[in-house]
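Structural characterization, general
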Amino acid sequence: MKPKEFEYFVEGFKKLPGISKKSAEKICDFILRQDDKFAKDLSSRIMDLKFNVVFCSICNNLTNNQIHCDICNDSNRYNNKLCIISDFNDLIKIENLEIYNGLYFNLKMEIDSKKKNIDDIDIGLKKIIEIIEKKDIKEILIATNMTINGEFTAFYISSYLKKLFEDIEIFRLATGLPFNSSIDYIDSESLTSAIKNKIKF
Ligand SMILES: [Zn+2]
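These numbers come from a predicted model, not from an experiment.

Another aspect to go through is helix 2 (residues 21–33). For helix 2, which comprises 13 residues, the first-to-last C-alpha distance of 19 Å matches the rise-based estimate of 18 Å (1.5 Å per residue) to within 8%. Contacts made by the buried residues of helix 2 are with helix 1 (4–13) and helix 3 (36–52).

Sheets are built from strands that pair by backbone hydrogen bonding, the pairs being arranged parallel or antiparallel. In spatial order, the strands read 4-3-5-6-7; together these five strands make up an open sheet with mixed pairing. For this open sheet the edge positions go to strand 4 (103–106) and strand 7 (199–200), each flanked by a neighbour on one side alone. In this sheet, strand 6 (residues 169–172) lies alongside strand 5 (residues 139–142) in parallel orientation, the contact comprising four bridges. Note on strand 6: the bridge partner recorded for Ile142 is Arg172.

Before going further, it helps to examine the domain arrangement of the protein. For the protein, the domain assignment lists domain 1 (4–52) and domain 2 (68–200). Here the C-alpha centroids of domain 1 and domain 2 sit 33 Å apart.

A separate point is the coordination of the zinc ion. Metal coordination angles in their ideal form are 109.5 degrees for the four-donor tetrahedron and 90 or 180 degrees for the six-donor octahedron. Ligation of the zinc ion by protein atoms is provided by Cys56 (SG), Cys59 (SG), Cys69 (SG) and Cys72 (SG), these donors lying 2.3 Å from the ion. Each of the four donor atoms around the zinc ion contributes to a set of angles spanning 102 to 115 degrees, which defines the coordination as tetrahedral. Along the chain, the residues donating to the zinc ion are arranged with the sequence spacing C-x2-C-x9-C-x2-C. Of this pair, Cys59 sits in the loop between strand 1 (54–55) and strand 2 (62–63) while Cys72 sits in helix 4 (residues 70–73), placing them 13 residues apart in sequence. Each member of the pair, Cys59 as well as Cys72, is classed as buried.

Turning our eyes to something else, we now look at the environment of Glu11. Within the secondary structure layout, Glu11 lies in helix 1. With 14 residues separating them along the chain, Glu11 and Glu25 place their C-alpha atoms 9.4 Å apart. A polar atom in the side chain of Glu11 sits 3.3 Å from the side chain of Lys14.

By the element assignment, Asn60 lies in the loop between strand 1 and strand 2. Classification of Asn60 by relative accessible area gives buried; the value is 6%. Among the polar contacts listed, one links the side chain of Asn60 to the backbone oxygen of Asn106, at a separation of 2.8 Å. Within the structure, the side chain of Asn60 is placed 3.3 Å from the side chain of Lys127, a separation counted as a polar contact. Beyond its immediate chain neighbours, meaning those up to four positions away, Asn60 contacts Phe55, Phe105, Asn106, Lys108 and Lys127.

Reading the values: the criteria
- Residues numbered from 1 in each chain as written.
- Predicted model: local features only at pLDDT ≥ 70, side-chain atom pairs only at ≥ 80, totals over all residues.
- Heavy atoms only, no water.
- Helix = DSSP H or I, 4+ residues; strand = E, 2+ residues; numbered from the N terminus.
- Expected span 1.5 Å × (residues − 1).
- Contact = heavy atoms within 4.5 Å.
- Pairing = 2+ DSSP bridges.
- Domains from an automatic or database assignment.
- Donors = N, O, S within 2.8 Å, 3.2 Å for Na, K, Ca; no water.
- Tetrahedral: all angles 85-135°; square planar, octahedral: opposite > 155°, others 65-115°.
- Buried < 20%, exposed > 50% of the residue type's maximum accessible area, 1.4 Å probe, protein only.
- Polar contact = N/O pair within 3.5 Å; in protein donor to acceptor, adjacent residues only side chain to side chain.

This is how it looks when you write it as structure tokens:
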């Protein structure tokens, strides 16, 4: 019989994305083999992250305890453009390309295309509409992943926004990217070309 602390740890860790019960048990076993400093360090990193990093209240970008992130605060950015991404890491990746100088909105998720009642899912449309109105957005690039869920999410958002804002141009990353590819795995050159050659919805 395993100690209750072991079970308690596994229960908690298997809630993490991509971590099965087996992986959680392996992590637990690994931590137990390390010295005390390792566990202390790991838990303080988790607390440090949770207490010092927040999502920007406008765009969901990560920020250090400010209400608004550096991008939303930057008056030099060309504010009539909005790029919608599904993960914070994709924002960093696009920023590093240095070809885009507009605002962002991080959905923090993609809609599961198999889900029913998708209108009940809150992907932040209210916040997107607020940005569009406040920043006078004229052009939107939807840079969700080139996967079934990513395409589904992009189509859902564009259809929703088109009904509300007839004058806004909505674009999707250019085709040519391999289907089922996450933005995270696309090389910088292909992503740059997909952004430059964006196609209209
Ligand atoms: Zn922001």
